[in-house]
Amino acid sequence: MKIHRINAVIVRHLYEARRNFDRLTDLIWWPVLDIVMWGFFTIYLAHSSRLQPNVVSCLLGAVILWGTFYGFQRDMAVGFIDELWCRNLINLFSTPLTLSEYMVGLIGVCLLKVMVGLCAASAVAWAAYSFDIVPWLPMFIPYMANLLFFALALGIAITGLIFRYTTKIQALAWSFAGLLMPASCVMYPMSSLPRWMRAIAWMLPTAHSFEGMRQVLAGKGFSPQHFWWGAGLNAIYFVLAIGFFGWIFEQARTRGLLVKMD
């Protein structure tokens, strides 16, 4: 892989983000709106004397982490859909740019975007609701890494499906993470799920990340169990996603689908 070609992919998306209001909306508006909406909800809950003191922090922390996961997964898929919308796919792959260079460049762009959204949401949570995520970051970072790695695996798998079925299934870029949200235990502990759903939750790295986050905010410290469970599952899902993407891309290439995408 050549660094200058990866950098070209990053620069191409950054130029578009600077001029495209839709990208700015995804980058800042929705993370900030989520934290404002859930912030008011947590203020309402804070007036209930029956709630534990850390409930408000757990909800705000969950919103920030879920926004990070969702934004990365969405941007991975939408970044590729952009090339289809612009009819730019043939132009890209008629150059010396390789598929791996394109994917690494796209990952770099998504990381930059998600960091901007994370900073914006964290700043609003601190300014409006006195929730400071910075002291918790050292113990949050491993869980956030698991979330981003799982989002990457999902993004790669969804991109592979788009290679095969084009924009007919582009809604998956925005909706697939939402399908996982009930079993990911974003706003509630895993113990609140029905027994049959707990088995599904244990197979999701997202559920382990949010369970670990709640333990940190409850003062119980970092949970190696939830981190390593999430990391192990991520390794499996990432290998499966890469294999699936490679197979789909080869199928699309041999059938001549790459030049027919619209």
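Everything numeric in this text was worked out from a predicted model, so none of it was measured.

Visitor: Please give an account of the overall build of the protein chain that cites residues and values.
Guide: Per the secondary structure count, the protein chain includes ten helices and zero strands. When the helices and strands of the protein chain are listed from N to C terminus, the series reads α-α-α-α-α-α-α-α-α-α. The long-range fraction of contacts in the protein chain, counting pairs at least 24 apart against all pairs at least 6 apart in sequence, stands at 78%. In the structure as shown, the protein chain presents an accessible area of about 13,200 Å², 69% of it carried by carbon and sulfur atoms.

Visitor: Describe in detail the packing of aromatic side chains, supporting the description with residues and values.
Guide: Two measures describe an aromatic ring pair: the distance that separates the ring centres and the angle between the ring planes. Enumeration according to the criterion identifies ten aromatic pairs in this entry. For the pair F227 and W228, a centre-to-centre distance of 4.9 Å together with 70° between the ring planes defines the contact as edge-to-face. Overall, F227 belongs to the buried group, its relative accessible area being 17%. Assessed through its relative accessible area of 59%, W228 is described here as exposed. Put simply, the rings of W66, F69, F150, F210 and Y237 pair up and form one aromatic cluster.

Visitor: Before we move on, could you go through the nonpolar core and cite the residues and values that matter?
Guide: By size, the foremost hydrophobic cluster in this structure holds 67 residues, and its most contacted members are I64 and L65. Looking at this core, the elements that each hand over two or more residues are helix 3 (55–85), helix 4 (89–93), helix 5 (99–129), helix 6 (137–165), helix 7 (172–184), helix 8 (195–202), helix 9 (205–217) and helix 10 (224–254).

Visitor: Can you tell me about the packing of helix 6 against helix 7, naming the residues and giving the values?
Guide: Look at helix 6 against helix 7: their axes get within 11 Å of each other, and the N-to-C directions meet at 135°. Between helix 6 and helix 7, the angle is such that the two are oblique. Two packed elements cross with a definite hand, and for helix 6 against helix 7 that hand is right-handed. Of the residues in helix 7, those touching helix 6 at F150, L154, I158 and L161 are L172, A173, F176 and L180. Counted by class, the contact of helix 6 with helix 7 contains eight nonpolar, no polar and no charged residues.

Visitor: Please give an account of helix 7 that cites residues and values.
Guide: Here helix 7 contains 13 residues, and its C-alpha end-to-end distance of 18 Å stays within 8% of the 18 Å for a straight helix at 1.5 Å per residue. Of all the positions in helix 7, only A173, A177, L180, A183 and S184 are classed as buried. Projected down its long axis, helix 7 shows its buried positions confined to an angular sector of 100°, all on one face. Those residues of helix 7 that are buried lie in contact with helix 3, helix 6, helix 8 and helix 9. In the stretch just after helix 7, C185 is the one whose phi turns positive, near 55°.

Visitor: Describe the pattern of salt bridges, and please don't skip the residues or the numbers.
Guide: Under the criterion given, the structure shown has two salt bridges. Where R74 meets D75, a salt bridge forms, and the shortest distance between an N and an O atom there is 3.1 Å. Its salt-bridge partner being E211, residue R214 comes within 2.8 Å of it at the nearest N-O pair. Of this pair, R214 and E211 both sit in helix 9, separated by three residues, roughly a single helical turn. For E211, a relative accessible area of 14% puts it in the buried group.

Visitor: Tell me about helix 9, residues and numbers included.
Guide: Helix length check: helix 9 (13 residues) gives 19 Å between terminal C-alpha atoms against 18 Å at 1.5 Å per residue, within 8%. Most of helix 9 sits inside the fold, with twelve of its 13 residues counted as buried. Every buried residue of helix 9 is accounted for by P205, T206, A207, H208, S209, F210, E211, G212, M213, R214, V216 and L217. In this structure, the buried residues of helix 9 make contact with helix 3, helix 6, helix 7, helix 8 and helix 10. Immediately beyond the C-terminal end of helix 9, within one or two residues, lies G219, with a positive phi of roughly 85°.

The rules behind the values
- Residues numbered from 1 in each chain as written.
- Predicted model: local features only at pLDDT ≥ 70, side-chain atom pairs only at ≥ 80, totals over all residues.
- Heavy atoms only, no water.
- Helix = DSSP H or I, 4+ residues; strand = E, 2+ residues; numbered from the N terminus.
- Contact = heavy atoms within 4.5 Å.
- Areas by Shrake-Rupley, 256 points an atom, 1.4 Å probe, with all protein chains shown as cover.
- Phe/Tyr/Trp six-rings, centres within 6.5 Å; stacked < 30°, edge-to-face > 60°.
- Buried < 20%, exposed > 50% of the residue type's maximum accessible area, 1.4 Å probe, protein only.
- Core = buried A, V, L, I, M, F, W, Y, C linked by side-chain atoms within 4.5 Å.
- Axes fitted to C-alpha atoms, helices over the stretch in contact; angles between N-to-C directions.
- Parallel < 35°, antiparallel > 145°, perpendicular 65-115°, else oblique.
- Left-handed = near helix turned anticlockwise from the far one by under 90°.
- Nonpolar A, V, L, I, M, F, W, Y, C, P; charged D, E, K, R; others polar.
- Expected span 1.5 Å × (residues − 1).
- Arc of directions from axis to C-beta.
- Salt bridge = Lys/Arg side-chain N within 4 Å of Asp/Glu carboxyl O.

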